[in-house]
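Chain by chain, the residues run as shown.
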Amino acid sequence: MGANKSKKSENSIPYNSYKIATLGSHSAIQILYGAKQEGFSTIAICEKGREKPYKSFEVADEIMMVNSFRDTIKLQDKLLRENAILIPHGTFFEAFKLEELEKIKVNYFGNKSILKWEADRMKQREWLKRAGLILPKIYKKPEDIDGPVIVKFYGALGGKGFFLARTAEEFHRKIKARKTKGEIRAYIIQEYIIGAPIYIHYFYSPLTNELEVMSFDKRYESNVDSIGRIAAKDQLDLGLETSYNITGNVPIVVRESLLPEIFRMGEAVVKASRTLNGDNKGLYGPFSLETVVTPDLKFYVFEISARIVAGTNLYMEGSPYTMPRYNEPMSTGRRIAREIKNAITRNRLREILN
Ligand code: ATP
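The structure presented is a predicted model; accordingly, all values stated were derived computationally and were not measured.

Rules behind the numbers
Residues numbered from 1 in each chain as written. Predicted model: local features only at pLDDT ≥ 70, side-chain atom pairs only at ≥ 80, totals over all residues. Heavy atoms only, no water. Helix = DSSP H or I, 4+ residues; strand = E, 2+ residues; numbered from the N terminus. Buried < 20%, exposed > 50% of the residue type's maximum accessible area, 1.4 Å probe, protein only. Contact = heavy atoms within 4.5 Å. Areas by Shrake-Rupley, 256 points an atom, 1.4 Å probe, with all protein chains shown as cover. Lys, Arg positive; Asp, Glu negative; His and termini not counted. Charge placed at Lys NZ, Arg CZ, Asp CG, Glu CD. Pairing = 2+ DSSP bridges. Axes fitted to C-alpha atoms, helices over the stretch in contact; angles between N-to-C directions. Phe/Tyr/Trp six-rings, centres within 6.5 Å; stacked < 30°, edge-to-face > 60°. Lys NZ or Arg CZ within 6 Å of the ring centre and 35° of its normal.

A. Geometry of the overall build of the protein chain. Secondary structure summary: the protein chain contains 15 helices and 14 strands in total. For the protein chain, the C-alpha atoms occupy an extent of roughly 65 × 45 × 40 Å along the three principal directions. By the burial criterion, 52% of the 354 residues in the protein chain qualify as buried. The contacts of the protein chain with a sequence gap of at least 6 include a subset with a gap of at least 24, amounting to 63%. Carbon and sulfur atoms provide 52% of the accessible area of the protein chain, an area that totals close to 16,600 Å². Each charge class in the protein chain was averaged separately, 55 positive and 43 negative side chains, and the resulting centres sit 3 Å apart.

B. Region of the structure containing the sheet that holds strand β8 (residues 163-165). Read across the open sheet, the four strands follow the order β6-β9-β7-β8; overall the sheet is antiparallel. A strand with exactly one partner marks an edge of an open sheet, and here the two such strands are β6 (138-139) and β8. Pairing of strand β7 (residues 149-153) with strand β9 (residues 187-191) involves five bridges; the strand directions are antiparallel. Following the sheet pairing, Ile150 is matched in β9 by Gln190. Seen against the sheet, helix α9 (residues 168-180) touches β7, β8 and β9 and runs at an angle of roughly 155° to β8.

C. Looking closely at the sheet that holds strand β4 (residues 84-86). Sheet architecture is open: five strands sit in the order β3-β2-β1-β4-β5, paired in parallel fashion. The open sheet has two edge strands with one neighbour each: β3 (62-66) and β5 (107-108). Note: β4 against β5, two bridges, orientation parallel. In the sheet register, Ile85 faces β5, and the bridge partner there is Asn107. Helix α2 (residues 28-37) contacts β1 (19-23) and β2 (41-47) of the sheet and is inclined by roughly 175° relative to β1.

D. View of the packing of aromatic side chains. Across all of its chains, the model carries eight aromatic pairs by this definition. Centroid distance Phe153 to Phe163: 6.4 Å. Interplanar angle 50°. Geometry classified as tilted. With Phe153 in strand β7 and Phe163 in strand β8, the pair connects residues that are 10 residues apart, well separated along the chain. For the pair Phe153 and Phe163, a shared accessibility class is recorded, and that class is buried. For Phe153, a relative accessible area of 2% puts it in the buried group. Taking the ring centre of Tyr108 as reference, the NZ or CZ of Lys112 above it sits at 4.9 Å.

Written out as structure tokens, the structure is:
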């Protein structure tokens, strides 16, 4: 545990003696900008040659250079001395194994014991099922395929290499092509849901025990989002295969009558998270449900991210959902900093750090 301070000493430290730090990637601009809006000093840990945005956008008071994000481990003593609080995002989970993340001594915003439930797709399902959400079917073996499926490889790789199939024969053909290219990792075969993808961005505060709906996005993926521009006949002639490699995010405002269900799902996920480790300490901070909404307006949830997602980068100046609540620009990054600030001033910081 970093900065191993007693509650008493925490109390006597002004909140802005803590620094907000993150890896220079994913949603760092938003996180650091939000932290500065709340009065914190900020640190960006950047890989050599990738620091330009953090300098140019002036969101980092200090830039710590590393050859690779993995070298952040070597910066631990320095970060502890700076009283830094690390804000995790997707790049942390690409750079480090779960066990490595669990061992990091620097203050870390979020509940680390939840991470294993997010990292494993089957454990995720168990969590989402406990929350009573509707999930796409999983096929145990290719021979069971009886409708459209999406084959997903493990690892948060932004949908790279995923493919669609409709029959066992098609599955075997496509997987064989990938095996030949040496691209095979563990995978799951999931029912492909036809509908509108909506990624829901939530924030749960353990200080107020309240779930907030922050915003929504959908992804802009290559090549799936440009295939519709090519006539069906040409698609066939070109022998195109879809891929889902993420390149950006697109904002969404949802049909307002869907909001009650969206709140209900988020609250159910938080409630279920308290049962996962048997310690009643569940999920808090930002998280996202990745959904496809069918024509009968059912939300199929195919993934949960128990942390800030990059789609929130759209809303540096707030969203149509944060504006009425805060009446000032409130991004998810800023909301994290606000939570930390509130926890410090209420002498409850230990409850939200690991
Ligand atoms: P990340 O971990 O970065 O969120 P990922 O690699 O796990 O990404 P997914 O988000 O699971 O990838 O999915 C990538 C794409 O596939 C998205 O466009 C999503 O909308 C689509 N998709 C995933 N699962 C389904 C499904 N069951 N039905 C329909 N579309 C799906």
